[in-house]
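Fold and contact review
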Amino acid sequence: MRQIRFLLPLLACLLFAACASTGVRSPLATWVPSPNHNARAPVVIVLHHTDQHSVQESLDTLRSANSGGKVSSHYLVGADGHLYQLVSDDRRAWHAGPGRWGTITDLNSASIGIEIDNDGDTPFAPAQIAALIRLLEDLCTRLRIPPSQIIAHADLAPSRKQDPSRFFPWQTLAEAGFGVWPRAADGPAPPGFDAWLALQAFGYPMDDRAAAVGAFHRRFRGRDDLPAELDAEDTRILHSLLLQQERRP
């Protein structure tokens, strides 16, 4: 009996240590830990494409370094829909880099990073988008991240990044309840509506206006070839987006 009484506290300590070392993890994903992280609290989810050619290549990069140094993300979504988790949800992965979204200036500390296996030049696989939506449901529920707070890497760093590419199906995500998409029912913007102020109010950094417009066009119009100006369609879209922003609880 004395041996059992001695072993019980020891087993409890070992169990606690195991939980502490793994942190908060999704039951949907395979745990493939990366050492490239530190502590943070998420309020937004940032979507990337890997710009590489296989899951294994991306797993290797996200667990070591790329040309800019050590990088990681919390999750990687394979083309076949398999989910990999590299960094615990309660830790700070190194995926966003310098940038800003609205008033948030340290995106690594405030976000969950999701890499999507895609070379940037091809459409995203349906199984992959379905898996991403399941993951977003899980993350927004468990971590209490507002479902509207799903953004592109290019949104926060438009002068540096272009991911995910114009092929990414933002409307499909919005129809599933994640991110936002303009509504036809909101109609045109009223007279005097300032589209540039609206772009900034929505969240885009305005240090480089042309780059911000490029990121906006990529996300909401699926185009990389439009002029770096805001036209009537952009104004309509921004009007609808701000109406939705105002109506959020």
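Scroll up a little and you will see the structure.
Let me sum up the structure you'll find in this document. For clarity, every value in this text was computed on a predicted model and none was experimentally measured.

Definitions and cut-offs
Residues numbered from 1 in each chain as written. Predicted model: local features only at pLDDT ≥ 70, side-chain atom pairs only at ≥ 80, totals over all residues. Heavy atoms only, no water. Helix = DSSP H or I, 4+ residues; strand = E, 2+ residues; numbered from the N terminus. Buried < 20%, exposed > 50% of the residue type's maximum accessible area, 1.4 Å probe, protein only. Contact = heavy atoms within 4.5 Å. Areas by Shrake-Rupley, 256 points an atom, 1.4 Å probe, with all protein chains shown as cover. 1 Å grid on protein atoms, 1.4 Å probe; cavity = no way out; pocket = protein on both sides within 12 Å on 5 of 7 lines; lining within 4 Å. Points joined across faces, edges and corners; volume = space filled by probe spheres on them. Pairing = 2+ DSSP bridges. Salt bridge = Lys/Arg side-chain N within 4 Å of Asp/Glu carboxyl O. Axes fitted to C-alpha atoms, helices over the stretch in contact; angles between N-to-C directions. Nonpolar A, V, L, I, M, F, W, Y, C, P; charged D, E, K, R; others polar. Polar contact = N/O pair within 3.5 Å; in protein donor to acceptor, adjacent residues only side chain to side chain. Arc of directions from axis to C-beta.

This part is about the overall build of the protein. A tally of helices and strands in the protein yields nine helices and 10 strands. A buried classification covers 47% of the 249 residues belonging to the protein. Of all intrachain contacts in the protein linking residues separated by at least 6 positions in sequence, the fraction that spans at least 24 positions is 72%. Carbon together with sulfur atoms contributes 56% to the accessible area of the protein, which is approximately 12,300 Å² in total.

Moving on: empty space enclosed by the protein. On inspection of all chains with the given rule, the structure shows one cavity of 30 Å³ or more. In this structure, the largest cavity encloses a volume near 40 Å³. Considering the residues around the largest cavity, the lining is formed by A152, A154, D155, D163, P164, W170, A215, R218 and R219. For the lining of the largest cavity, the elements supplying multiple residues, two or more each, are α5 (153-156) and α8 (209-220).

Side chains on a regular strand alternate between the two faces of the sheet. Counting buried residues along strand β3 (residues 44-49), six of its six residues qualify, which places the element largely inside the surrounding structure. Of the two faces of β3, the one carrying V44, V46 and H48 and the one carrying I45, L47 and H49 are both buried. Two strands pair when backbone bridges link them, and β3 and strand β9 (residues 111-116) are joined in this way by six bridges, in the parallel orientation. Counterpart to I45 in the pairing with β9 is I112. With three bridges joining them, β3 and strand β10 (residues 150-152) adopt parallel strand pairing. Its bridge partner being in β10, L47 is matched across the sheet by A152.

All right, on to the pattern of salt bridges then. Counting across every chain of the model gives 12 salt bridges. Across the salt bridge formed by D89 and R142, the nearest N and O atoms sit 2.7 Å from each other. Note that D89 is positioned in the loop between β7 (83-85) and β8 (91-93) and R142 in helix α4 (residues 126-143), a separation of 53 residues in sequence. Between R236 and E233 there is a salt bridge whose closest N-O contact spans 2.9 Å. Of the two residues, R236 and E233 both sit in helix α9 (residues 232-247), three residues apart, roughly one turn of that helix.

The mixed open sheet is built from six strands, whose spatial order is β1-β7-β6-β9-β3-β10. Edge positions in the sheet fall to β1 (30-31) and β10, since each has one partner strand and no second. Sheet topology places strand β6 (residues 75-77) next to β7; three bridges connect them, and they run antiparallel. Paired with L76 across the strands is Y84, a residue of β7. Of the strands in this sheet, β6, β7 and β9 touch helix α2 (residues 55-62), which is tilted by about 170° from β6.

Let's shift gears to the layout of surface pockets. Here the largest pocket is characterised by a volume of approximately 560 Å³. In this structure, the largest pocket is lined by 25 residues; those nearest its centre are N66, V71, E115, H153 and K161. Going through the elements one at a time, β3, α2 and β5 (69-70) are the ones with two or more residues in the lining of the largest pocket. With three residues, α2 is the largest single contributor of residues to the lining of the largest pocket. Looking at the lining of the largest pocket, its residues break down into five nonpolar, 14 polar and six charged.

Moving on, we come to the side chain of S72. By the element assignment, S72 lies in the loop between β5 and β6. Looking at S72, the relative accessible area reads 1%, which means it is buried. A distance of 2.6 Å separates a polar atom in the side chain of S72 from the backbone oxygen of N36. Leave out the neighbours within four places in its chain, and S72 touches S34, N36, L62, V87, A93, W94 and H95.

Time to look at α2. Think of an α-helix as 3.6 residues a turn; residues three or four steps apart then line up on the same face. Here α2 has its buried residues at V55, S58, L59, T61 and L62. Burial along α2 is one-sided: seen end-on, the buried residues are contained in an arc of 165°. Residues of α2 that are buried sit in contact with β4 (65-66), β6, β7 and β9.

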